[in-house]
Every structure is written in C-alpha cells, then in structure tokens.
Amino acid sequence: MSAPKSPFSSSAVPATAPRAGRVLCLGETMAMVTPTHVAPLREAVSFAVKAGGAESTVAMYLADSGVPSSWVSWLGDDPLGWRLLDEVRASGVDVAGVQLVPGAPTGVYFKDPGDGETTVYYYRAGSAASRMDATVLAQLDWEGVAALHVTGITAGLSASCSAMLEAVMLEARRRAIIVSFDVNYRPGLWSIEAAGPRLATLAALADLVFVGRDEAETLWGEGHPTTLHSRLGLHGSLVVKDGSVGATEVAVVDGGVSSAFVPAHPVDVVEAVGAGDAFTAGYLGAMLGGEPVDACLNRGHGLAARTLGSTHDFVPA
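Analysis parameters
- Residues numbered from 1 in each chain as written.
- Predicted model: local features only at pLDDT ≥ 70, side-chain atom pairs only at ≥ 80, totals over all residues.
- Heavy atoms only, no water.
- Helix = DSSP H or I, 4+ residues; strand = E, 2+ residues; numbered from the N terminus.
- Rg over C-alpha atoms; globule rule 2.2 N^0.38 Å.
- Buried < 20%, exposed > 50% of the residue type's maximum accessible area, 1.4 Å probe, protein only.
- Contact = heavy atoms within 4.5 Å.
- Areas by Shrake-Rupley, 256 points an atom, 1.4 Å probe, with all protein chains shown as cover.
- Phe/Tyr/Trp six-rings, centres within 6.5 Å; stacked < 30°, edge-to-face > 60°.
- Polar contact = N/O pair within 3.5 Å; in protein donor to acceptor, adjacent residues only side chain to side chain.
- Pairing = 2+ DSSP bridges.
- Axes fitted to C-alpha atoms, helices over the stretch in contact; angles between N-to-C directions.
- Salt bridge = Lys/Arg side-chain N within 4 Å of Asp/Glu carboxyl O.

Examining the overall build of the protein chain
- Secondary structure assignment for the protein chain yields 10 helices and 14 strands.
- A compact globule built from 317 residues should have a C-alpha radius of gyration of about 20 Å, and the protein chain, at 18 Å, falls within 12% of that.
- Along the first, second and third principal axes, the C-alpha atoms of the protein chain reach 55 × 45 × 40 Å.
- The burial tally for the protein chain puts 54% of its 317 residues in the buried class.
- Taking the intrachain contacts of the protein chain between residues at least 6 apart in sequence as the baseline, contacts between residues at least 24 apart amount to 69%.
- A total accessible area of about 12,900 Å² is found for the protein chain, and carbon and sulfur atoms account for 54% of it.

Okay, here's the thing in structure tokens:
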C-alpha cells in the first residue's frame, strides 16, 4: 500500500481524510500499582497491578475502538516486564516490536489517591526503557503504518532516548507518515529550563500536537491556543486541552489558521491520571476515520470521561 501524504506537503490530503493503516506507538510502559478501592496509598489494603504508560494506553484504547495499533518499547526481562507484555497483547495491540532486556529493570509507579487529587510516585531510574537508543530505529516495522504516536516523556528519560525519539519522528516524516506528539511534560524527569526548548523542538516536527493548557503555560508561559500555535512555529494542528472546560484545535488550512472548540463531557471524576491519553486515542481514531474536527474532539472527550471515572488508566468498553 502507498503511504499517506504528510500534512507538511503542499499537496497534502486534509487531516480528516480517511487513512488506512495502523498507529505505531513508541514509549515506556511501567507496572502501575494502584489501590483497588479509592484510598490513600498509606491506608489501602489491596492493590491492582496494571500496565501504565502513555503510549501503550493510547495503543490499547485504539485497539479497543477497532483501530489497528502497535506498541514498541523496551521492558526488563523480569516478571513485571512479561506481565506488562501479556496485558498489552491481550488488549489487541501488536507487541512484536517490544524488546525484553536482560539485566535491566521494568519501571514501577504507584498511584496515591487523595482528596480530589492523585499523587504519582515513580521508580524508573535505570529502567530498560530509559536505555533505548538509536538501535530502536533499525528495528521498527513501518509496513502499513498510517500514524506514529510519541510523547515528550520519552525525551525526558535519557539523552539516548531523546536522540532516538527525534530520529524516529524524522524518519516517519521522511516516509510521509502522520506524526502525533503529546507534550506530556513530567516535572520529575527534568526541569522546565531543560524541557521547554527540547519539547518545543520536537513539537515542531509533528503534524499533530497535544498539550494541556496548564503544562503549556508552565513550559512556555502561554496557553492561548492560537498564540501558542504561532509561538511554537507549528505547521500542522495543535490541540490544547483545558481540563473540564474543553479542548481547542488550531490548524493550518489553505494557508490560514482555523480554530474549533468542543466542551468537555460532564463526569464525576474519580481521578485524572490517564485521561489525556484516552483523549488522544479518541481523537486519533476519529481523525484516521475521516471524521471532522468537532467529531474528533468529541470522541476524545468521550474516552477521557470513561477514564476519569476509574482509578485505572485503561478502561475497556
């Protein structure tokens, strides 16, 4: 099959045109430990262990929605690594590109539900995924890929991960594959001073950028969608998520800039962790199906609402 044209091309098909193929998601997944019932970590008596990772969560939601997806990463060759691999595979995601690395641990993180807010504790230093490097590029299977989805989390794991991520995004662009990039700034990984410029550089390589209004203001001192799109020098689309308010997409259309806003769905929030990844999966699935912008944003809100009502990152239909 021929690859879809990138929106960077002057002869590009619209972003909402149907695009056959799978979504390739690349990034770290850790063992997520969360109380079975909503309770502080210190007091909880039973826990669930699930796969927790931005990119694999997107892949699982896509597969659950009937959109072919694959996930690529490095896991430790340990019981947790095998457990995560089995879980993601069971959700319908192609995991043939996942490498199990002997002598390197699988990362772990704990959710600590509090009063209206969940704190997350990460134990990922030296993880298998943080050791990913340029060798990943040679192992990627691009056959039938319509879109690549990556996040800024990978760039913050290590210097080798950051270089690998840029190389993968550039290779996808060379192949005229849509590049989706979720900024996903993690303060525990790196400082604003280090992250801001690097994430801006990576965002400029993408056809589609997702960012929370709060993290955009933290990183770049600007959260207004249209102003941010211009300041980052984006050539494609920018989706700014503003929590319970809604989401706005700013896109370059016929040489001009268009904007669309869709309010968030009302929901009783259990916890917010993972909702952004669900939103991204909903948007991507609708976009690849040729849906208009409003429908893409609405589908994103729908999957996010499903996650907001649970303590788990991935909540199947």
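Side note on the packing of aromatic side chains
- Applying the stated criterion to the full structure yields 4 aromatic pairs.
- Look at phenylalanine 210 and tyrosine 283: their rings are 5.5 Å apart centre to centre, the planes differ by 85°, and that puts the pair in the edge-to-face class. You can see phenylalanine 210 sitting in strand E11 (residues 208-212) and its partner tyrosine 283 sitting in helix H9 (residues 275-288), a full 73 residues away along the chain. Across this residue pair, the class does not change: phenylalanine 210 and tyrosine 283 are buried.

Points about the environment of aspartate 112
- Within the fold, aspartate 112 resides in strand E7 (residues 108-113).
- The exposure class of aspartate 112 is buried, given its relative accessible area of 17%.
- Taking the C-alpha atoms as reference, aspartate 112 lies 9.2 Å from valine 33; in sequence the two are 79 residues apart.
- If near-sequence neighbours (up to four positions away) are discounted, aspartate 112 is found in contact with Pro40, Leu41, Arg42, Glu117, Thr118, Thr119 and Tyr121.

Thoughts on the side chain of threonine 151
- Tracing the backbone shows threonine 151 in strand E9 (residues 145-151).
- Side-chain polar atoms of threonine 151 contact the side chain of glutamate 55, separated by 2.6 Å.
- Side-chain polar atoms of threonine 151 contact the backbone nitrogen of isoleucine 153, separated by 3.2 Å.
- Beyond its immediate chain neighbours, meaning those up to four positions away, threonine 151 contacts Ala54, Glu55, Leu165, Phe181, Asp182 and Asn184.

Remarks on the sheet that holds strand E8 (residues 118-123)
- Strand order across the open sheet formed by 4 strands is E3-E2-E7-E8, with mixed pairing between neighbours. Each edge of the open sheet is held by one strand with a lone partner, namely strand E3 (47-52) and E8. Adjacent strand axes in the sheet meet at a mean angle of 25°, parallel and antiparallel pairs treated alike.
- When E7 meets E8, the two strands line up antiparallel, connected through 6 bridges. For aspartate 112, the partnering residue across the bridge sits in E8 and is threonine 119.
- Sheet contacts for helix H2 (residues 79-90): strand E2 (30-35), E3 and E7; angle to E3, the most-contacted strand, approximately 70°.

A closer look at the sheet that holds strand E10 (residues 178-182)
- Pairing is mixed in the open sheet, where 8 strands are placed in the order E4-E1-E9-E10-E11-E12-E13-E14. Strand pairing shows two members of the sheet lacking a second neighbour, strand E4 (69-72) and strand E14 (256-263), which therefore form its edges. Going from strand to strand, the sheet's axes swing by 15° on average, the running direction of each strand aside.
- One ladder, built from 4 bridges, connects strand E1 (residues 22-26) with E4; its direction is parallel. Looking at E4, one finds that leucine 24 is bridged to serine 70.
- Sitting on the sheet, helix H1 (residues 54-64) is in contact with E1, E4 and E9, with an inclination near 160° to E4.
- Set on the sheet, helix H7 (residues 213-220) makes contact with E10, E11 and strand E12 (237-242); between it and E11 the angle comes to about 90°.

Some thoughts on the pairing of E14
- Bridge count for strand E13 (residues 246-253) against E14 is 8 bridges, and the pairing is antiparallel. Within E14, the position partnered with alanine 247 by the bridge is valine 262.
- Connecting E13 to the next strand, E14, in antiparallel fashion are 2 residues, including aspartate 254 with a positive phi near 50°.

Focus: the pattern of salt bridges
- With the rule as written, the count across this model stands at 10 salt bridges.
- Note that arginine 22 and aspartate 141 form a salt bridge whose closest N and O atoms lie 3.6 Å from each other. Taken together, the positions of arginine 22 in strand E1 and aspartate 141 in the loop between helix H3 (135-139) and E9 put the pair 119 residues apart, joining distant regions of the chain.
- The buried category is assigned to arginine 22, whose relative accessible area is 12%.
- When the shortest N-O distance is used, the salt bridge between arginine 174 and glutamate 171 registers 2.7 Å. Pair noted here: arginine 174 and glutamate 171 are both in helix H5 (residues 159-174), with a separation of 3 residues, about one helical turn.

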